[in-house]
Amino acid sequence: GTKKEAAKSDAPKADKKIVLGFSQVGAESEWRTANTESIKAAAKEAGIELKFSDAQQKQENQIKAIRSFIQQKVDVIAFSPVVETGWDDVLKEAKAAKIPVILTDRAIKMSSGNAEDYYVTFMGSDFVEEGKRAAKWLVDYMKKDNEPVNVVELQGTVGSAPAIDRKKGFEEVLKDHPNYKIIKSQTGDFTRAKGKEVMEAFLKSAQAEGQKIDVLFAHNDDMAIGAIQAIEEAGLKPGKDIVIVSIDGVKGAFEAMIAGKLNCTVECSPLLGPQLMEAAKDLMTGKQLPKRILTKEGVFPAEVAAKELPNRKY
Ligand code: AHR
């Protein structure tokens with residue numbers, strides 16, 4: 001009796017199966033699907049019990065999921081916040097319950113206090129840098145220093161870190177190239193369907209206003225792929241009549257580049273699963289984590305697409 005129990009409670013924490021609650025944004029893009037697969041596969045591989053919840057791109061669902069993880073007393077909570085703000089209450093609750101929180105992919109802003117006090121680490125890409133890379137590639141490719149270049153922009157989810165930061169980075173670089181003008185900019189919510197719908201509207205209003213669209217910058221590949229359909233249906237050649245640059249580097253983008261319909265994709269890696277499991281384990285053994293774990297990423301123009309496609313993991 002008692003001896004056994006004592007042995008049990010003395011067992012080091014690391015031997016017990018870690019329970020990780022993960023609240024995912026949704027399944028809005030090829031990127032997101034790959035991210036979910038990476039997390040599920042890595043949890044299995046690491047022997048971590050994963051409680052996975054899909055928020056269908058709604059913040060209220062993510063807050064509910066996090067509250068339920070707190071109630072279930074999971075060891076670690078991780079989530080990819082659909083938007084930047086509105087997390088104050090639920091993160092305070094997690095902190096009060098002494099459950100460490102890991103941010104994956106997207107950052108947050110608190111309305112009061114320091115966001116960094118409410119999570120142990122934030123792992124993911126530098127979205128501002130991705131926006132800059134897209135613009136730098138574009139300026140290089142277009143080789144137009146004086147003629148006006150009309151750009152339309154398909155933004156990601158309103159209020160999300162990648163939409164805010166990619167726009168910012170892109171505009172920062174274009175500031176030094178005043179002949180580039182963003183003539184239309186709207187959200188396509190990171191989906192193919194909305195990307196297509198909004199591009200249709202862009203094409204129609206540009207035509208009505210007698211403007212020519214030279215470039216499309218899409219905050220993700222899925223919206224670019226949707227827009228490609230709209231451009232073709234309007235009788236234009238995507239990749240030629242309209243130069244297209246997007247972000248993520250999913251297989252669908254490489255296929256579109258090989259078909260000559262997309263000109264460049266800036267990489268954003270969704271393969272965060274192994275890092276997340278490592279971080280959860282480190283936390284359980286009392287290791288200190290860096291506040292920021294940055295993903296390494298490249299830029300892939302159409303010329304390298306055929307050679308690179310076989311190496312792509314998502
Ligand atoms: O937060 C990362 C972004 O979310 C990806 O670029 C996009 O495809 C996804 O939906």
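Note that this is a predicted model, so its numbers are computed, not measured.

Trainee: Summarise the site of the ligand; cite the residues concerned and give the values.
Mentor: With respect to spatial proximity, 13 residues lie near the ligand, and among them Ser29, Trp31, Pro162, Phe190 and Asn220 are the closest. Elements represented by at least two residues in the shell around the ligand include exactly helix H2 (30-46) and strand E9 (243-248). Broken down by class, the residue content of the shell around the ligand amounts to five nonpolar, two polar and six charged.

Trainee: Before we move on, can you summarise the sheet that holds strand E7 (residues 180-187) with the specific residues and values?
Mentor: The sheet built from six strands is open, its strands ordered E7-E6-E8-E9-E10-E12 with mixed pairing. Two strands close off the open sheet at either side, each with one partner strand: E7 and strand E12 (299-301). For this sheet the average axis-to-axis angle between neighbouring strands, irrespective of direction, equals 15 degrees. By the bridge criterion, three bridges tie strand E10 (residues 264-267) to E12 in an arrangement that is antiparallel. When the bridges of E12 are listed, Val266 appears paired with Val299.

Trainee: Which residues make up the environment of Ala96, and what are the values?
Mentor: If you trace the backbone, Ala96 turns up in helix H4 (residues 88-96). We classify Ala96 as exposed; it has 9 C-beta atoms within 10 Å. A C-alpha to C-alpha distance of 9.8 Å links Ala96 and Ile70, two positions 26 residues apart in sequence.

Trainee: Talk me through the packing of helix H7 (residues 192-208) against helix H8 (residues 221-233); I want residue IDs and the actual numbers.
Mentor: Direction vectors running N to C along H7 and H8 enclose 45 degrees, while the axes themselves pass 7 Å from each other. Our classification of the angle between H7 and H8 gives oblique. Of the two possible hands of crossing, H7 and H8 adopt the one that is right-handed. Within the contact between the two elements, H7 uses Arg192, Ala193, Lys194, Gly195, Lys196, Met199, Glu200 and Leu203 and H8 uses Asp222, Met223, Ala224, Ile225, Gly226, Ala227, Gln229, Ala230 and Ile231.

So, how was this worked out
- Residues numbered from 1 in each chain as written.
- Predicted model: local features only at pLDDT ≥ 70, side-chain atom pairs only at ≥ 80, totals over all residues.
- Near = placed C-beta within 6 Å.
- Helix = DSSP H or I, 4+ residues; strand = E, 2+ residues; numbered from the N terminus.
- Nonpolar A, V, L, I, M, F, W, Y, C, P; charged D, E, K, R; others polar.
- Pairing = 2+ DSSP bridges.
- Axes fitted to C-alpha atoms, helices over the stretch in contact; angles between N-to-C directions.
- Buried ≥ 20, exposed ≤ 12 C-beta atoms within 10 Å, placed from the backbone.
- Parallel < 35°, antiparallel > 145°, perpendicular 65-115°, else oblique.
- Left-handed = near helix turned anticlockwise from the far one by under 90°.
- Contact = placed C-beta atoms within 7 Å.

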